[in-house]
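Take a look at the letters that make up each chain.
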Amino acid sequence: MSPIAISEGSAMSIKAPLPRHRLGRTDMFITPVGLGAWAIGGGDWAVGWGKQDDRQSVEAIRHAVACGINWIDTAAIYGLGHSEEIVREALSNIPKSTRPYVFTKCGLRWDEADRMAPPQQVGDPASIRFELEASLRRLGVERIDLYQVHWPSKDGTPIEEYWQTLLDLKKEGKVRAVGLSNHNLAQLEAAERLGHVDTLQPPFSAIRRDFAATELPWCITHDTGVIVYSPMQAGLLSGAFTGERAAKLNADDWRSRNAEFSGDKLKANLELAETMRKIGEKRGVTAGAVAIAWTLAWPGVTGAIVGARAPEQVDGWLAAANLILSGAERQQIADTIERTGAGSGPALPYDAVA
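Residues numbered from 1 in each chain as written. Predicted model: local features only at pLDDT ≥ 70, side-chain atom pairs only at ≥ 80, totals over all residues. Heavy atoms only, no water.

**Concerning the packing of aromatic side chains**
Turning to step 1, where the next piece is worked out: Scanning the entire structure with this criterion turns up seven aromatic pairs.
Turning to step 2, where the next piece is worked out: On the basis of an interplanar angle of 70° and a centroid distance of 5.2 Å, the ring pair of Phe204 and Phe211 is categorised as edge-to-face.
Turning to step 3, where the next piece is worked out: Given the relative accessible area of 5%, Phe211 is considered buried.
Turning to step 4, where the next piece is worked out: The structure contains a cluster of three or more aromatic residues connected by ring pairs, namely Phe204, Phe211, Trp294 and Trp298. (Phe/Tyr/Trp six-rings, centres within 6.5 Å; stacked < 30°, edge-to-face > 60°. Buried < 20%, exposed > 50% of the residue type's maximum accessible area, 1.4 Å probe, protein only.)

**Some details on the pairing of strand 8 (residues 144-149)**
Turning to step 1, where the next piece is worked out: In terms of residue burial, strand 8 counts as a mostly covered element, since six of its six residues are buried.
Turning to step 2, where the next piece is worked out: Where strand 5 (residues 101-106) meets strand 8, four bridges bridge the pair, whose relative direction is parallel. By the bridge assignment, Lys105 is partnered in strand 8 with Gln148.
Turning to step 3, where the next piece is worked out: Sheet topology places strand 8 next to strand 9 (residues 175-181); five bridges connect them, and they run parallel. When the sheet's bridge partners are listed, Ile144 is paired in strand 9 with Val175.
Turning to step 4, where the next piece is worked out: Traced from strand 8 through helix 4 (residues 159-171) to strand 9, the parallel crossover comes out right-handed. (Helix = DSSP H or I, 4+ residues; strand = E, 2+ residues; numbered from the N terminus. Pairing = 2+ DSSP bridges. Right-handed = clockwise from strand over helix to strand, strands pointing away.)

**Remarks on the environment of Lys154**
Turning to step 1, where the next piece is worked out: As for its position among the elements, Lys154 is in the loop between strand 8 and helix 4.
Turning to step 2, where the next piece is worked out: On a C-alpha basis, the gap between Lys154 and Arg22 in space is 32 Å, while along the polypeptide they are 132 residues apart.

**Structural notes on the nonpolar core**
Turning to step 1, where the next piece is worked out: Counting 89 residues, the largest nonpolar core has Leu180 and Trp317 as its most contacted members.
Turning to step 2, where the next piece is worked out: Looking at which element gives the most residues to this core, the answer is helix 9 (residues 287-296), with seven residues.
Turning to step 3, where the next piece is worked out: Excluding its chain neighbours within four sequence positions, the residues that come into contact with Trp317 are Val33, Gly34, Leu35, Ile69, Met232, Ala289, Ile292, Val306, Gly307 and Ala308.
Turning to step 4, where the next piece is worked out: Core analysis: the next-biggest nonpolar cluster, separate from the first, contains 11 residues, Phe103, Ala177, Ile227 and Ile305 among them. (Core = buried A, V, L, I, M, F, W, Y, C linked by side-chain atoms within 4.5 Å. Contact = heavy atoms within 4.5 Å.)

**Some remarks on unusual backbone geometry**
Turning to step 1, where the next piece is worked out: You will see that Leu80, though not glycine, has its phi angle at about 55°, which is positive.
Turning to step 2, where the next piece is worked out: Along the chain, Leu80 falls in the loop between strand 4 (71-73) and helix 2 (82-91).
Turning to step 3, where the next piece is worked out: The exposure class of Leu80 is buried, given its relative accessible area of 12%.
Turning to step 4, where the next piece is worked out: Phi is positive for Ser230, close to 55°, though the residue is something other than glycine.
Turning to step 5, where the next piece is worked out: With respect to the secondary-structure elements, Ser230 resides in the loop between strand 11 (225-229) and helix 7 (243-247).
Turning to step 6, where the next piece is worked out: You can call Ser230 partly exposed: its relative accessible area is 21%.

Here is the structure:
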């Protein structure tokens, strides 16, 4: 791709370091928040977020790194390779010694002739190896820090076969660590019998909480690192979302077709966001930062993936990295969940105390 010019106003100086925690048994210590690169893939594909400004996307990534965030989560499917290319461009002028970890995913194949066709969930070992080489080229790296199977296979390949492929890639030195995304408890157990699952990447927010009752306890027991995605539920808990905005979502934005963004579910979700806004107001942070901190309050959660398409969006949630909610605040959120019926799953972290 052609070089993208960055304005002189972009923040590039490293600020005070953020806390870091070991990611499972790996040798990587990551910040509590990482930059998610789903949205920056653009809107010209089946599950896009609408048209994006590539220059702003690059600035957002560089700003996040300048603020101390030390990992970026992307995937080959995001923008059908475009997100990985943007990540490469953003990191191109950052010295290798200070570059963040780059996590990406495999197992979703698209049709070049029909970008809007739903991707196929493929676990065939040859396909995974092909995808890896393509991601290495797009990212411009010799080794991927964390390689994850995006979704369980639907091409008939058993998990034992595709998980063994990832273990082999790790042994070969092509990837540093291997993980699973969107896999359930039975699939985790099947994979672990072959070789350790370094990480799990599940959806998790104060709206979508079921993971906390099932896979999270397993991860704690097996010392598997957990990096959750969509902690603000795709913007619903950011504090900036409204019913009017939901009604105006473009047709090429996947949220326009999601049940959480309409009707009674939307009303309950926005009430929950308002509770987080009030807590944030007292703490001097945004509702989004509170929503992210809620996920990080759960024992076993190592980090949260948070999207940003512009530098100011990073500034809106960065405080979550150092925000520890009190027991009373977590109880306040749980009370709102129970009153409104928002989402499903446990409403209170295991160790919540006043």
